[in-house]
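This is what each chain is made of:
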Amino acid sequence: MNIGDRVRLLHGKEQGIITQFIGNDQVEIAIDNDFTILVLRREVVVIAEEEDKYLKNVGVEQPARETRKNEPAPLPVTATAGVYVALVPQTEELQAVTIINFSDFDLLFTYGEETNNRYKGIVSDKLTPKNSKVVSHLHLKDFDKWPDLVIQYLQHRVSGLTLLEPVVKRIKFKASSFYKSKKMAPVVKKEAYLFSLDQKPVEVNPDKILENLTEAETKNPEAYQLKMPLHEVDLHIEKLTDIDPALMSNSEILRTQLAVFQDNLDRALATNMHEIVFIHGTGNGVLRKEIQKILSQRRTQIKYYEDARKEKFGFGATLVRLK
């Protein structure tokens, strides 16, 4: 049994779709009128494709082919190569969250959901090229309560010559754009709400990059000089990004702040600065602790660190003396 399989009850007439597994003994099933029930695994059986077609067609007179000749042709798949998340309608309400690998690479991925800044891992798996996997289900009636979808993936090709970077993508749903995203999904070849997670991987030629860089340096050497950071670096998130902080999770904010901190610390060391101040604020103290943990691991490059001038910063800044 897999998430997305159509099943029927052994001791009942109901049919539905598996939406999740509960422990080792139970499964959650979305019945065709879109309410969910919990049943024991041993009480359900997967409906084979042939059986499903028979049950749908039994007793139904099929229209003659000539009466259907004016039916519109299926929409063509227009998606470019890449990785996608598709919400494929199972019924009018139930949407199957599907990871689609429409590329020539193997895809290692994890899928999770984040609600109110709390992350829950759901699935990790591997997809071969031109393949897909159902990882979860969402109900349209609960659209306002949908979690953010968090997908991490790494593309790989045996005997490939290019090392591709891992990717982390978060999807936040907005009604204004969600209903405009419906199109024919690749691989599954069904109409779905389709969201691209990437662009086609770029094959990089290191020799060409070096060649271009050398030429550019000759024309404008100042553009490639390492810049000394400011003496005081403000790490408040609104100073670092144009994104509304309300749309960012706590982990995203912290990662952004630490990346800026690390970049400025490295440039301060590389340009032989004597000291630098990082303004992190007081808040809940998480950023301050993370900064000081990193500093404590770089004792060979740092003389010491301490709270900056309290009369100016209170306890919201750290002064770092460099060797």
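Going by the structure above, here's the rest.
In this report, we go over the structure that sits alongside the text. All values reported here derive from a predicted model rather than from experimental measurement. (Residues numbered from 1 in each chain as written. Predicted model: local features only at pLDDT ≥ 70, side-chain atom pairs only at ≥ 80, totals over all residues. Heavy atoms only, no water.)

Re the overall build of the protein chain
Scanning the protein chain for helices and strands turns up 6 helices and 18 strands. Within the span of the protein chain, comprising 323 residues, buried residues form 37% of the whole. Restricting the contact set of the protein chain to residue pairs at least 6 apart, pairs at least 24 apart contribute 58%. Surface accessibility of the protein chain: about 20,500 Å² in total, with carbon and sulfur atoms responsible for 51%. (Helix = DSSP H or I, 4+ residues; strand = E, 2+ residues; numbered from the N terminus. Buried < 20%, exposed > 50% of the residue type's maximum accessible area, 1.4 Å probe, protein only. Contact = heavy atoms within 4.5 Å. Areas by Shrake-Rupley, 256 points an atom, 1.4 Å probe, with all protein chains shown as cover.)

Topic: the packing of helix α4 (residues 250-270) against helix α5 (residues 286-296)
Where α4 contacts α5, the axes come no closer than 11 Å and their chain directions differ by 35°. In this structure, α4 crosses over α5, and the sense of that crossing is right-handed. Contact residues: α4 offers Leu254, Gln257, Leu258, Phe261, Gln262 and Leu265, while α5 offers Val286, Leu287, Glu290, Ile291, Ile294 and Leu295. Its residues assigned to classes, the contact of α4 with α5 shows 9 nonpolar, 2 polar and 1 charged. (Axes fitted to C-alpha atoms, helices over the stretch in contact; angles between N-to-C directions. Left-handed = near helix turned anticlockwise from the far one by under 90°. Nonpolar A, V, L, I, M, F, W, Y, C, P; charged D, E, K, R; others polar.)

Observations concerning α5
Note: α-helices contain 3.6 residues per turn, so residues at a spacing of three or four share the same orientation. Listed in full, the buried residues belonging to α5 are Leu287, Ile291, Gln292, Ile294 and Leu295. Each buried residue of α5 lies within a common arc of 155° when the element is viewed along its axis, so the set occupies one face. Buried residues along α5 sit against α4, β17 (302-307) and β18 (317-322). (Arc of directions from axis to C-beta.)

Quick word on the nonpolar core
Of all hydrophobic cores here, the largest spans 24 residues; its most connected members are Val85, Leu87, Phe109, Ile151, Phe173 and Phe178. Elements represented by at least two residues in this core include exactly β6 (82-89), β7 (94-102), β8 (106-115), β9 (118-127), β10 (131-139), β11 (148-156) and β14 (191-196). With residues near it in sequence (within four places) discarded, Phe173 still touches Leu87, Phe143, Trp146, Pro147, Leu149, Phe178 and Phe195. Counting 17 residues, the second-largest nonpolar core is a separate cluster that includes Leu235, Leu269, Phe278 and Ile291. (Core = buried A, V, L, I, M, F, W, Y, C linked by side-chain atoms within 4.5 Å.)

Some thoughts on the sheet that holds β18
The 4 strands lie next to each other as β15-β16-β18-β17, forming an open sheet whose pairing is mixed. The sheet terminates laterally at β15 (232-234) and β17, the two strands that pair on one side only. Within this sheet the neighbouring strands show an average axis-to-axis angle of 20°, counted without direction. On top of the sheet, α4 reaches β15, β16 (275-279) and β18; it is set at about 170° to β16, its chief contact. Relative to the sheet, α5 contacts β17 and β18, its axis offset from that of β17 by approximately 160°. (Pairing = 2+ DSSP bridges.)

Focus: the packing of aromatic side chains
Summed over all chains, the structure comprises 9 aromatic pairs. Arranged with centres 5.7 Å apart and planes meeting at 85°, the rings of Phe173 and Phe178 form a pair that is edge-to-face. Here Phe173 falls in the buried class, since its relative accessible area comes to 15%. Residue class for Phe178 comes out buried when judged on its relative accessible area of 1%. (Phe/Tyr/Trp six-rings, centres within 6.5 Å; stacked < 30°, edge-to-face > 60°.)

Thoughts on the sheet that holds β11
The sheet built from 4 strands is open, its strands ordered β9-β8-β11-β12 with antiparallel pairing. Where the open sheet ends on each side, the last strands, each with one partner, are β9 and β12 (167-171). The mean inter-strand angle of the sheet, taken between neighbouring strand axes irrespective of direction, is 20°. Summarising the sheet, β11 and β12 pair through 5 bridges and their orientation is antiparallel. Note on β12: the bridge partner recorded for Ile151 is Lys169.

Let's talk about the side chain of Asp106
Relative to the assigned elements, Asp106 resides in strand β8. Excluding its chain neighbours within four sequence positions, the residues that come into contact with Asp106 are Asn101, Lys126, Leu127, Thr128, Pro129, Leu154, Gln155 and His156.

Overview of α4
Its 21 residues give α4 an end-to-end C-alpha distance of 30 Å, which sits within 8% of 30 Å, the value for a rise of 1.5 Å per residue. Turning to α4, its buried residues number three or more, namely Glu252, Ile253, Gln257, Leu258, Phe261, Asn264, Leu265, Arg267, Ala268 and Leu269. Contacts from the buried residues of α4 go to β12, β15, β16, α5 and β18. Positive phi appears at Asn272, one or two residues downstream of α4, with a value of about 65°. (Expected span 1.5 Å × (residues − 1).)

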